[in-house]
Amino acid sequence: MTFRNWLEELDKCLGSLPLAERQRAAEFYKELYSDEKEAGMSESEILSVFGSPAHAAAEILNNAAGEYAHANADNELFRGTTPDGQNRTYGQYGNGMPEKNSFEAKNATEKKDGILYTSKSKLIAGLCAAGLAFLLSSCAIGIVGSILASEIALLIAGIILLSGGTATLAAGLIALGVFILLAMPIYYGIKYTIKGIIWVTRKFYTSLLTEGIA
Amino acid sequence: MDVQLKKGLLEICVLATIEQEESYGYKIISDLSPIVEISESTLYPILKRLEIAGALTTYSRAFNGRLRKYYLITGEGKRRLAEFKTSVPQMEKIMNFILRRNG
């Protein structure tokens, strides 16, 4: 296995994490790989120190799930000495690690994957439920609000119409009164004026006829 | 060593390595390896946890034609470290008690 393959395998094992998180983990290992390469270690030695991608992924996923179930932390099979003579924790890959441990690490990853998926599903379901509840409550509030608003608007309109009608009636009565008050003198004025004209005219013609006969 | 105990101690160890000066992944492992067992796959989650907790901060700097990530301790990290240091005598008592009981 090359380092490139190792990174690809790590990425696969971290499949449940967001892309940014997977890239961040890959960058961390790339940097360590470069530093260890510059320190004189060979690719296989570095990969041996890194351990299997499944093991590395299990560590990252354990942390991502808020746990620290690193069951193999004290496993003798993970211990060893690097070529530079320092005590280091070794992984399975290229280190004669029995299948059992590799299987455990893989299972741990899958288990964590399960937990993460469950958490994600719960989160999505919770968000959907909250969204639905918000939508329904908004609709209910909207309906009740609109009914109340329309009722209030009708009430106000009724009051306005009633007051408007009363005002119109009052105005009509006042106008009628004013008309009557104004019309009566005019009527009698015209009536008596005509009567006066007729009386004066009659008188005039009567006097003319009387004087003519005389 | 107990996993939880080791987890806590490793976090403190990492903070202690960057207390005086900034450091990077490979150097942190090299500094800690003679003292405590720590692997690359163990260090990554520790650094991430400490960063999320605000105990350390990071920045990248060019080195040999590539970017290298450096880790710096924050005020929160210093506070944690100081808190641990003050609890050492008490831990020492606990250790002595356990060892006496088992001895």
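Some points on the overall build of chain B
Turning to step 1, where the next piece is worked out: Along chain B, the regular secondary structure elements total four helices and three strands.
Turning to step 2, where the next piece is worked out: Along chain B, from the amino end to the carboxyl end, the secondary structure elements read α-β-α-α-β-β-α.
Turning to step 3, where the next piece is worked out: Of all 103 residues assigned to chain B, the portion counted as buried reaches 25%.
Turning to step 4, where the next piece is worked out: At a minimum sequence separation of 6, the contacts of chain B that also span at least 24 residues come to 50%.

Brief notes about the overall build of chain A
Turning to step 1, where the next piece is worked out: Along the backbone of chain A there are five helices and two strands.
Turning to step 2, where the next piece is worked out: Going residue by residue from the N terminus, the α and β elements of chain A occur as α-α-α-α-β-β-α.
Turning to step 3, where the next piece is worked out: Within chain A, buried positions represent 23% of all 214 residues.
Turning to step 4, where the next piece is worked out: Taking all contacts inside chain A whose residues are at least 6 apart in sequence as the whole, residues at least 24 apart take part in 68%.

Digging into the confidence of the model for chain A
Turning to step 1, where the next piece is worked out: Overall, the prediction assigns chain A a mean pLDDT of 76, with 72% of residues at 70 or greater.
Turning to step 2, where the next piece is worked out: Confidence scores differ between elements of chain A, with strand E1 (residues 79–81) of chain A showing the lowest mean pLDDT of 36 and helix H1 (residues 3–13) of chain A the highest of 94.

Describing helix H1 (residues 3–17) of chain B
All names here are of chain B.
Turning to step 1, where the next piece is worked out: With 15 residues, H1 should reach 21 Å at 1.5 Å per residue; the first-to-last C-alpha distance of 21 Å fits that figure.
Turning to step 2, where the next piece is worked out: For H1, the set of buried residues is Leu-10, Glu-11, Val-14 and Leu-15. Take H1 and look down its axis: the buried residues cluster within an arc of 135°, on one side only.

Brief notes about the sheet that holds strand E2 (residues 56–63) of chain B
Turning to step 1, where the next piece is worked out: Strands sit in the order E1-E3-E2 (chain B) across an open sheet of three strands; the sheet is antiparallel. With one partner strand each, in any of the chains shown, strand E1 (23–24) and E2 of chain B form the two edges of the open sheet.

Focus on unusual backbone geometry
Turning to step 1, where the next piece is worked out: Phi at Asn-64 of chain B is positive, roughly 50°, even though this residue is not glycine.
Turning to step 2, where the next piece is worked out: One can find Asn-64 of chain B in the loop between E2 and strand E3 (66–73).

Structural notes on the packing of H1 of chain A against helix H2 (residues 19–38) of chain A
Helix-helix packing is characterised by the crossing angle of the two axes and by the distance between the axes.
Residue and element names in this part refer to chain A.
Turning to step 1, where the next piece is worked out: Between H1 and H2, whose axes approach to 10 Å, the crossing angle comes to 155°. On the basis of the axis angle, H1 is roughly antiparallel to H2. Read as a crossing pair, H1 and H2 show a hand that is right-handed. When H1 is examined against H2, the residues Phe-3, Leu-7, Leu-10 and Asp-11 are found in contact with a partner set consisting of Arg-22, Ala-25, Ala-26, Tyr-29 and Tyr-33.

Some details on the nonpolar core
Turning to step 1, where the next piece is worked out: Ranked by size, the top nonpolar core spans 37 residues in total, and within it Leu-10, Leu-14, Ala-57 and Ile-60 of chain A carry the most contacts.
Turning to step 2, where the next piece is worked out: Going through the elements one at a time, H1, H2, helix H3 (43–50) and helix H4 (53–64) of chain A together with H1, helix H3 (40–52) and E3 of chain B are the ones with two or more residues in this core.
Turning to step 3, where the next piece is worked out: The element contributing the most residues to this core is H4 of chain A, with seven residues.
Turning to step 4, where the next piece is worked out: The residues contacting Leu-14 of chain A, other than those within four sequence positions of it, are Arg-22, Ala-25, Ala-57, Ile-60 and Leu-61 of chain A.

A look at the pairing of E2 of chain B
All names here are of chain B.
Turning to step 1, where the next piece is worked out: Pairing of E2 with E3, which is carried by eight bridges, proceeds in the antiparallel orientation. The residue of E3 that forms the bridge with Ser-60 is Lys-69.
Turning to step 2, where the next piece is worked out: Counting the residues between successive antiparallel strands, the hairpin from E2 to E3 contains two residues, one of them, Asn-64, with a positive phi of roughly 50°.

Quick notes on the rules
Residues numbered from 1 in each chain as written. Chains lettered and ligands numbered in written order. Predicted model: local features only at pLDDT ≥ 70, side-chain atom pairs only at ≥ 80, totals over all residues. Helix = DSSP H or I, 4+ residues; strand = E, 2+ residues; numbered from the N terminus. Buried ≥ 20, exposed ≤ 12 C-beta atoms within 10 Å, placed from the backbone. Contact = placed C-beta atoms within 7 Å. pLDDT = per-residue confidence, 0-100. Expected span 1.5 Å × (residues − 1). Arc of directions from axis to C-beta. Pairing = 2+ DSSP bridges. Axes fitted to C-alpha atoms, helices over the stretch in contact; angles between N-to-C directions. Parallel < 35°, antiparallel > 145°, perpendicular 65-115°, else oblique. Left-handed = near helix turned anticlockwise from the far one by under 90°. Core = buried A, V, L, I, M, F, W, Y, C linked by C-beta atoms within 7 Å.

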